[in-house]
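Given next are the chains, with one letter for each unit.
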Amino acid sequence: MNLNTYKYFNEVAATGSIRRAADRLHVAPSAVSRQISLLEHSLGVMLLERNNTGIRLTPAGLMLERFTRKMCRDLDRIHESIKSLKGLREGEVKIWVIEAVVQVILPQIMTEFNENYPAIQFSINSESSDRTIEAIIRDEIDIGIVFNMDDRPGIEVVKRCSAPIQCLVSPQHPLAQRQSVTLEEICFYPVALPVSSFGMRQTFDKVTRSLHLLPQSIVNTNNLELTKAMAIAGRTVTIGPKQIAMREIAQNTLCAIPIENEAMQSATIEICVHRDRTLSFAAHQFLKHLCRAFI
């Protein structure tokens, strides 16, 4: 066995398929199968259970997957650090972010960073806060940007910014001319909401339950573009920090109205990393730039 054996296993565990792992590794599926068999023979246990839909890790495979995932991430960081010492300034930054940041804030920040570090690449996923936090804990990503996160073991909040949850409505909506609204007034109208894995939805649900309110939720979606489109159509209300609707507010297709509730007004956006892991040169440099630029 050699290091590739463990890299092959890690790719199979990540993709759930020997063929997909082979495609990502640019080798034949038979080469991947041979290395997995060699590893299983060496350890004296089965690591994968094969079925018609793909593979599933055995308990021993799950244990090894945690080791190989960390090993591969550490190797990537070492390679990038060596490149930075040679002045190449190469590398990849893996970031998961809430949808608002992808659409409105991140593009300009990345463009400015690219001017100084043109060889650094980005892998960006738009995910819910819960999934992003899980990815940080599992060491799948370098940086996460989440919404209204409570303290979590192993997670370091590098920067926290104010992002009050507001009522978003069409300029033609009856609430549009209000200086502020209550949650009771919001719940009087049909409302389009993000799914419960979104931090803003969790805050909204917690507060409305405490007030014994029953929102007229007609849409639940993981796509904030849809919730905004429903509000723009005129009859429906949605919620979110003003940051998610800057384009629509500028175009006068949506209005953002403060909500008279402390929990909604005190919501935040957090930039997070794993507390106990060292970032690569590329990720560290971008994190510094991100924190300076993020308001």
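The structure presented is a predicted model; accordingly, all values stated were derived computationally and were not measured.

Asker: Looking at this structure, how should I read the overall build of the protein?
Answerer: The number of helices and strands found in the protein is twelve helices and twelve strands. Over its C-alpha atoms, taken along the principal directions, the protein stretches across nearly 70 × 45 × 30 Å. Taking all 295 residues of the protein together, 48% fall into the buried category. If you take every contact in the protein between residues at least 6 apart in sequence, the share linking residues at least 24 apart comes to 74%. Split by element, the accessible area of the protein, about 14,900 Å² in all, is 51% carbon and sulfur. In the protein, the 33 positive side-chain charges and the 31 negative ones have mean positions that sit 4 Å from each other.

Asker: Looking at this structure, I do not really get the side chain of Thr236. What am I missing?
Answerer: Note on placement: Thr236 falls in the loop between helix H9 (224-232) and strand S10 (237-241). A residue is classified by how much of its surface remains accessible, and Thr236, at 4% relative accessible area, is buried. The residues contacting Thr236, other than those within four sequence positions of it, are His173, Pro190, Val191, Ala192, Ile218, Met230 and Ala231.

Asker: Hey, could you run me through the packing of aromatic side chains in this one?
Answerer: We describe a pair of aromatic rings using the distance from one ring centre to the other and the angle between the two ring planes. Per the stated rule, a full pass over the model turns up seven aromatic pairs. Taken together, a centroid distance of 6.2 Å and an interplanar angle of 80 degrees make the contact between Tyr6 and Phe67 edge-to-face. With a gap of 61 residues between them, Tyr6 in helix H1 (residues 3-15) and Phe67 in helix H4 (residues 59-85) connect regions that are remote in the sequence. Among the aromatic residues, those joined into a ring-pair cluster are Phe113, Tyr117, Phe122, Phe281 and Phe286.

Asker: Would you take a moment to explain the pattern of salt bridges for this structure?
Answerer: Pairing of side chains with opposite charge becomes possible as their charged atoms draw close. Taken as a whole, this structure holds 17 salt bridges when the rule is applied. Glu127 is the salt-bridge partner of Arg131, the closest N and O atoms lying 3.0 Å from each other. Residue Arg131 is classed as partly exposed on the basis of its relative accessible area, which comes to 45%. The exposure class assigned to Glu127 is buried, which follows from its relative accessible area of 15%. Here Arg247 makes a salt bridge to Glu248, at a shortest N to O gap of 2.9 Å. Each of the salt bridges in this network shares a partner with another, and the network as a whole consists of Glu65, Arg69, Arg138 and Glu140.

Asker: Looking at this structure, how should I read the sheet that holds strand S3 (residues 91-97)?
Answerer: The strands making up a sheet associate through hydrogen bonds between their backbones, and the pairing can be parallel or antiparallel. Strand order in the open sheet formed by five strands is S4-S3-S5-S12-S6, and the pairing between neighbours is mixed. Looking along the sheet, the strands with just one partner apiece sit at the ends: strand S4 (120-126) and strand S6 (155-162). Across the sheet, the axes of successive neighbouring strands diverge by a mean angle of 20 degrees, strand direction being ignored. With seven bridges joining them, S6 and strand S12 (residues 268-274) adopt antiparallel strand pairing. The residue of S12 that forms the bridge with Val157 is Cys272. This element, helix H5 (residues 99-116), spans S3, S4 and strand S5 (143-147) of the sheet and lies at about 175 degrees to S4. Those strands touched by helix H6 (residues 129-137) are S3, S5, S6 and S12, and its axis lies near 150 degrees from that of S5.

Asker: What is the right way to look at the sheet that holds strand S7 (residues 165-169) in this model?
Answerer: Read from one edge to the other, the open sheet built from five strands follows the order S9-S8-S10-S7-S11, with strand pairing classed as mixed. In the strand order of this sheet, the two ends are held by strand S9 (216-221) and strand S11 (255-258), each with one partner. For this sheet the average axis-to-axis angle between neighbouring strands, irrespective of direction, equals 35 degrees. Note: strand S8 (residues 190-194) against S9, five bridges, orientation parallel. By the bridge assignment for S9, Pro194 is matched with Thr221.

Asker: Can you help me understand the environment of Arg69 in this one?
Answerer: As for its placement among the helices and strands, Arg69 is situated in helix H4. Expressed as a C-alpha distance, the spacing of Arg69 and Leu211, which sit 142 residues apart in the sequence, is 44 Å. Here Arg69 is in contact with Asn10, Arg138, Asp139 and Glu140, once residues within four sequence places are set aside.

Rules and cut-offs
Residues numbered from 1 in each chain as written. Predicted model: local features only at pLDDT ≥ 70, side-chain atom pairs only at ≥ 80, totals over all residues. Heavy atoms only, no water. Helix = DSSP H or I, 4+ residues; strand = E, 2+ residues; numbered from the N terminus. Buried < 20%, exposed > 50% of the residue type's maximum accessible area, 1.4 Å probe, protein only. Contact = heavy atoms within 4.5 Å. Areas by Shrake-Rupley, 256 points an atom, 1.4 Å probe, with all protein chains shown as cover. Lys, Arg positive; Asp, Glu negative; His and termini not counted. Charge placed at Lys NZ, Arg CZ, Asp CG, Glu CD. Phe/Tyr/Trp six-rings, centres within 6.5 Å; stacked < 30°, edge-to-face > 60°. Salt bridge = Lys/Arg side-chain N within 4 Å of Asp/Glu carboxyl O. Pairing = 2+ DSSP bridges. Axes fitted to C-alpha atoms, helices over the stretch in contact; angles between N-to-C directions.

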